[in-house]
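Listed below, chain by chain, are the residues.
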Amino acid sequence: ARLFSCNRADDGVIELDPSNPKKAARNAQPSDWSPFAHGAADVLRSRGHAVRRGFDAVIYSEIPGGGMSRSAALSIALLLTFAADPRALLEDRMELARMAQAIENDHLHSPCGILDPLMIAHAQRGAAVRYQPDCDRVTHVPWGGDPKTLCLLALDTGRSRHGLQHATYPERVRECAQILALLQ
């Protein structure tokens with residue numbers, strides 16, 4: 001498989017052997033997004049899904065930067081692109097979200113949570129996603145309607161974000177793991 005990102009044209013073409021993504025990852029040119037591609041193929045194979053071979057893909061995104069689930073959207077798009085049977089992945093969107101999370105956790109070493117990939121995996125036009133973590137349930141709430149009467153409140157915290165690898169979230173995850181180990 002060969003992949004090219006219009007958003008990161010300077011990275012060039014990423015070549016990937018879906019039958020052995022870990023080998024390909026070791027030989028790949030480093031870029032910010034190539035681990036997503038290698039991770040998608042690896043996660044699919046490790047969870048028993050056949051991986052499509054011999055294709056070219058061009059990736060383009062208009063998702064703005066800074067906390068807009070870009071990495072979750074990319075992970076899910078790559079999983080669906082690489083899967084020999086993407087419909088099977090869409091039958092269990094919770095598992096699809098967990099697979100996207102695994103790409104970030106295991107291949108980018110970014111200990112993200114499930115919320116971003118879950119929202120992307122369950123997104124529907126004209127609806128907001130409501131997640132109930134206590135019972136792992138997702139429902140959809142009608143959203144939108146007449147743009148003249150729709151009100152939306154957004155808060156800008158003024159913080160610049162540079163990816164979870166540099167945020168305090170990974171530190172909190174490590175601290176919680178240490179406390180849990182002490183309690184056990």
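See the structure shown above.
Here the structure is a predicted model, which means the values were calculated and not measured.

Definitions and cut-offs
Residues numbered from 1 in each chain as written. Predicted model: local features only at pLDDT ≥ 70, side-chain atom pairs only at ≥ 80, totals over all residues. Heavy atoms only, no water. Core = buried A, V, L, I, M, F, W, Y, C linked by side-chain atoms within 4.5 Å. Buried < 20%, exposed > 50% of the residue type's maximum accessible area, 1.4 Å probe, protein only. Helix = DSSP H or I, 4+ residues; strand = E, 2+ residues; numbered from the N terminus. Contact = heavy atoms within 4.5 Å. Axes fitted to C-alpha atoms, helices over the stretch in contact; angles between N-to-C directions. Parallel < 35°, antiparallel > 145°, perpendicular 65-115°, else oblique. Left-handed = near helix turned anticlockwise from the far one by under 90°. Nonpolar A, V, L, I, M, F, W, Y, C, P; charged D, E, K, R; others polar. Expected span 1.5 Å × (residues − 1). Pairing = 2+ DSSP bridges. Phe/Tyr/Trp six-rings, centres within 6.5 Å; stacked < 30°, edge-to-face > 60°. Lys NZ or Arg CZ within 6 Å of the ring centre and 35° of its normal.

A word on the nonpolar core
Judged by nonpolar contacts, the single largest core of 35 residues is most densely connected at Leu3, Leu44, Leu78, Leu79 and Phe82. Contributions of two or more residues to this core are made by α2 (34-46), β3 (56-59), α3 (70-82), α5 (93-107), α6 (115-121) and β4 (127-132). The element contributing the most residues to this core is α5, with seven residues. Look past the residues within four positions of Phe82 in its chain and what remains in contact with it is Leu3, Leu16, Ala37, Ala40, Ala41, Leu44, Ala50, Val51, Arg52 and Phe55.

A short note on the packing of α2 against α3
Relative to each other, α2 and α3 sit at 55°, their axes nearing to 9 Å. Overall, the two elements α2 and α3 adopt an arrangement that is oblique. You can see that α2 and α3 cross each other, and the crossing is right-handed. Listed contacts from α3 to Phe36, Ala37, Ala40, Ala41 and Leu44 of α2 are Ser71, Leu74, Ser75, Leu78, Leu79 and Phe82. Residues of the contact of α2 with α3, tallied by class, amount to nine nonpolar, two polar and no charged.

Some thoughts on α5
Across its 15 residues, α5 extends 21 Å between first and last C-alpha, which sits within 8% of the 21 Å expected from 1.5 Å per residue. Of the positions making up α5, those classed as buried are Met94, Leu96, Ala97, Met99, Ala100, Gln101, Ala102, Ile103 and Glu104. Check the buried side of α5 and you find it contacts α2, α3, α4 (86-91), α6, β4 and β5 (137-142).

Section: the sheet that holds strand β1 (residues 2-5)
Pairing within the open sheet is mixed, and its three strands lie in the order β2-β1-β3. Edge positions in the open sheet fall to β2 (13-15) and β3, since each of these has one partner strand only. Pairwise comparison of adjacent strand axes, ignoring direction, gives a mean angle of 20° for this sheet. Sheet topology note: the β1/β2 ladder contains three bridges and is antiparallel. In the strand pairing of β2, Arg2 is matched with Glu15.

Looking at the packing of aromatic side chains
Scanning the entire structure with this criterion turns up one aromatic pair. A ring pair is formed by Phe55 and Phe82, whose centres lie 5.5 Å apart and whose planes are at 55°; its orientation type is tilted. In this pair, Phe55 sits in the loop between α2 and β3 while Phe82 sits in helix α3, placing the two residues 27 residues apart along the sequence. One exposure class covers both Phe55 and Phe82, and it is buried. Above the ring of Phe55, the side-chain terminus of Arg52 is found at 5.2 Å from the ring centroid.

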